[in-house]
Amino acid sequence: MCKGRLIRHGGKCPKNLYNLTKSYFIQRTAAMTMNSLGIEKPVIRGCPQGSCCGPGLWNLQFNSLHQLKFMARTKVAAYADDLLIATRGDSIRAVENYTDAEISKIESEQKQD
């Protein structure tokens, strides 16, 4: 979560709420134990799973994708935490290039905040 999104979606965000939300996304880990072997890895991306806050916070982040201006040849559909980008072109190479351009828009948007 980023401060820019919290401000954009709800006016000014109180600092304590911003700090609480920010802490929700840092120092996350995923752990797995099988028999007597355990492993823990840092989680640096993706939607936090299994909490009551996760869906709402995910919506703040994910809904911004619907505000992006995609090419007329591109359609975007989202369901839960999945995103489908459908684009058309005159060749496979053209479709790959258009899709790469659209993905770059998404990456750029997510890095801005």
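Residues numbered from 1 in each chain as written. Predicted model: local features only at pLDDT ≥ 70, side-chain atom pairs only at ≥ 80, totals over all residues. Heavy atoms only, no water.

Comments concerning the pairing of strand β4 (residues 82-87)
Thought 1: Pairing of strand β3 (residues 74-79) with β4, which is carried by six bridges, proceeds in the antiparallel orientation. Pairing of A78 across the sheet is with L83, part of β4. (Pairing = 2+ DSSP bridges. Helix = DSSP H or I, 4+ residues; strand = E, 2+ residues; numbered from the N terminus.)

Concerning the pattern of salt bridges
Thought 1: In the structure shown here, the tally under the stated rule is one salt bridge.
Thought 2: In this structure, K105 and E102 form a salt bridge, with 2.9 Å as the shortest nitrogen-oxygen distance. Remark: E102 and K105 occur in helix α4 (residues 92-112); sequence separation between them is three residues, near one turn of the helix.
Thought 3: Given a relative accessible area of 29%, K105 falls into the partly exposed group. (Salt bridge = Lys/Arg side-chain N within 4 Å of Asp/Glu carboxyl O. Buried < 20%, exposed > 50% of the residue type's maximum accessible area, 1.4 Å probe, protein only.)

A few points about the environment of L83
Thought 1: By the element assignment, L83 lies in strand β4.
Thought 2: Judged by its relative accessible area of 32%, L83 falls in the partly exposed class.
Thought 3: When the C-alpha positions of L83 and L65 are compared, they lie 9.4 Å apart, and in sequence the two are 18 residues distant.
Thought 4: The contact partners of L83, leaving out residues within four places of it in the chain, are F62, L65, V76, A77, A78 and I106. (Contact = heavy atoms within 4.5 Å.)

What about helix α3 (residues 54-62)?
Thought 1: Among all positions in α3, only G54, L57, W58, Q61 and F62 are buried. Burial along α3 is one-sided: seen end-on, the buried residues are contained in an arc of 130°. (Arc of directions from axis to C-beta.)

Details of unusual backbone geometry
Thought 1: Backbone geometry at N35 places phi at a positive 55°, although glycine is not the residue there.
Thought 2: For N35, the location among the structural elements is in the loop between β1 (28-34) and β2 (37-43).

Some remarks on the nonpolar core
Thought 1: One finds W58, F62, L65, L68, F70 and I106 forming the largest nonpolar core, which totals six residues.
Thought 2: Excluding residues within four positions of it along the chain, I106 makes contact with L65, L68, F70, L83 and I85. (Core = buried A, V, L, I, M, F, W, Y, C linked by side-chain atoms within 4.5 Å.)

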